[in-house]
Amino acid sequence: MQEVAELYGFHPNRAGFIQCPFHSGDKHGSLKIYPGTGGWHCFGCGAGGSVIDFVARLFDIGFSNACDKLNADFSLGLTGKIPSRAEKSALLESRRREAARKAAADAEYKRQAARYRYYRDVAENADPQSNLFAEAVKALDPLEYWLDENLGR
């Protein structure tokens, strides 16, 4: 909702208030934008609703046209076509596979980070003449490289 308001020329203050475009005489900003919910409410005129309601009311257009305007202005890629059952299934399966891939990548990252912490601790505390110290020193550089390369994936 904040992005929509800003695109259409309204700049919310730190508290999320803008001057309400739906009633006159609003000098201090009575329309509150609620972050994360896509909602808004004007404490002056009582108007409120979703981001679609805001666009519909702001441009005096219907719900469908407001959806089309948001789609065009924000490049949402909405087609208006209802997907078939097979398309929905394929999309859900694709999302499941992607979630599983991300979970596996996250688990591997955590495993490698734990190995790095272990070897770093060994390198800092072990006897420099021990085989364990040598193993830790040898393992640290490749682990650091792997962690750097896979950070955030």
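In the block above lies the structure referred to throughout.
Residues numbered from 1 in each chain as written. Predicted model: local features only at pLDDT ≥ 70, side-chain atom pairs only at ≥ 80, totals over all residues. Heavy atoms only, no water.

Novice: Would you mind showing me how to read unusual backbone geometry here?
Specialist: The phi torsion of most residues other than glycine is negative, and most of the peptide bonds are trans. The residue aspartate 60 is not glycine, and still its phi comes out positive at about 50 degrees. Locating aspartate 60 in the fold gives a position in the loop between α2 (51-59) and α3 (63-74). Using a relative accessible area of 72% as the deciding quantity, one classes aspartate 60 as exposed. Phi at serine 75 takes a positive value of approximately 50 degrees, unusual for a residue other than glycine. Assignment of secondary structure puts serine 75 in the loop between α3 and α4 (85-125). (Helix = DSSP H or I, 4+ residues; strand = E, 2+ residues; numbered from the N terminus. Buried < 20%, exposed > 50% of the residue type's maximum accessible area, 1.4 Å probe, protein only.)

Novice: Just to check I follow, could you spell out the pairing of strand β2 (residues 31-34) for this structure?
Specialist: Remark: a regular strand shows side chains that alternate across the two faces of the sheet. Pairing of strand β1 (residues 17-18) with β2, which is carried by 2 bridges, proceeds in the antiparallel orientation. Bridge assignment links isoleucine 18 to a residue of β2, and that residue is leucine 31. In the sheet, β2 pairs with strand β3 (residues 39-42) via 4 bridges, with the strands oriented antiparallel. Opposite tyrosine 34, over in β3, you have glycine 39 as the bridge partner. Hairpin connection between β2 and β3: a loop of 4 residues separates the two successive antiparallel strands, and glycine 36 in this loop has a positive phi of roughly 85 degrees. (Pairing = 2+ DSSP bridges.)

Novice: Would you mind showing me how to read α3 here?
Specialist: Residues spaced three or four apart along an α-helix point in a common direction, a consequence of the helix completing one turn every 3.6 residues. Here α3 contains 12 residues, and its C-alpha end-to-end distance of 16 Å stays within 8% of the 16 Å for a straight helix at 1.5 Å per residue. Those residues of α3 that sit buried are Ala66, Leu70 and Asn71. Looking down the long axis of α3, one finds its buried residues gathered within 140 degrees of arc, a one-sided arrangement. Contacts made by the buried residues of α3 are with α1 (2-7) and α2. Serine 75 sits one or two positions beyond α3 and adopts a positive phi of about 50 degrees. (Expected span 1.5 Å × (residues − 1). Arc of directions from axis to C-beta. Contact = heavy atoms within 4.5 Å.)

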